[in-house]
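# Understanding the architecture of this molecule
Each chain is listed here by its residues.
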Amino acid sequence: MLEKLQGYYSVELYSEIEYKRFADKTDNVYAKSLYTKLAEDERRHQGILKDIAAFYHPDWRDILVEVKPSTPIQPEKLTITSEVQEAYHAMKFHLKLEFLAVTEYRKTAQETREPKLRDLWLNLASDEERHHREINSLLQAFEKAYKEIIK
Ligand SMILES: [Fe+2]
Ligand SMILES: [Fe+2]
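Residues numbered from 1 in each chain as written. Chains lettered and ligands numbered in written order. Predicted model: local features only at pLDDT ≥ 70, side-chain atom pairs only at ≥ 80, totals over all residues.

Considering the arrangement of structural elements, one finds Pro 69 in the loop between helix H3 (60-65) and helix H4 (83-110). Separated by 58 residues in sequence, Pro 69 and Val 11 place their C-alpha atoms 6.1 Å apart. Beyond its immediate sequence surroundings of up to four residues, Pro 69 is in contact with Ser 10, Leu 13, Tyr 14 and Ile 17. (Helix = DSSP H or I, 4+ residues; strand = E, 2+ residues; numbered from the N terminus. Contact = placed C-beta atoms within 7 Å.)

Okay, here's the thing in structure tokens:
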């Protein structure tokens, strides 16, 4: 379980950093506020994971604090020719990452017998599900607006 928690925590860190970076980069008011909210959520998730960790073992909270950001899947290496393309592929990558998070958190919830703990995992899963939906609609709007550029 500790290894699992460390893995999840590292992705939450990674996602927070990336969403913050996207928020700083975009001039689109809607995208900026979405990315800012996503970053805040991923930060909050780190807190929840620390609470879950502490439930398993008193030392685990401190172990999580040492974890570095990382991602279980890598973004495709593409020849990016414009900022629009870059933003588009970043969104697609994070759509995948959010989907993975939903799957993982839900699976872990199913394996958890303690009801309070299971609810925490389920809450994480449902947040990530909402993230997936939000990024997906941003992606669709983006595809409409930049049809010619992102092909
Ligand atoms: Fe998260
Ligand atoms: Fe997320």
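A word on the environment of Phe 93. Structurally, Phe 93 can be placed in helix H4. Taking the C-alpha atoms as reference points, Phe 93 and Gln 74, 19 residues apart in sequence, are found 8.3 Å from one another.

An ideal rise of 1.5 Å per residue puts 45 Å on 31 residues; helix H5 (residues 115-145) measures up with 45 Å between its terminal C-alpha atoms. Those residues of H5 not exposed but buried are Leu 120, Trp 121, Leu 124, Ala 125, Asp 127, Glu 128, His 131, Ile 135, Leu 138 and Phe 142. Tucked into the core, H5 has its buried residues touching helix H2 (29-56) and H4. (Expected span 1.5 Å × (residues − 1). Buried ≥ 20, exposed ≤ 12 C-beta atoms within 10 Å, placed from the backbone.)

As a further point, take the nonpolar core. Membership of the largest hydrophobic core comes to 16 residues, with the highest contact counts inside it found for Leu 5, Tyr 9 and Leu 49. Elements represented by at least two residues in this core include exactly helix H1 (2-25), H2, H4 and H5. (Core = buried A, V, L, I, M, F, W, Y, C linked by C-beta atoms within 7 Å.)

Looking now at the packing of H4 against H5. Packing of H4 against H5 leaves a shortest axis separation of 8 Å and a crossing angle of 160 degrees. Taken as axis vectors, H4 and H5 run roughly antiparallel relative to one another. For the pair H4 and H5, the crossing hand works out as left-handed. For the contact of H4 with H5, a count of residues per class yields 16 nonpolar, 5 polar and 6 charged. (Axes fitted to C-alpha atoms, helices over the stretch in contact; angles between N-to-C directions. Parallel < 35°, antiparallel > 145°, perpendicular 65-115°, else oblique. Left-handed = near helix turned anticlockwise from the far one by under 90°. Nonpolar A, V, L, I, M, F, W, Y, C, P; charged D, E, K, R; others polar.)

Any functional reading would require information that these geometric values do not contain.
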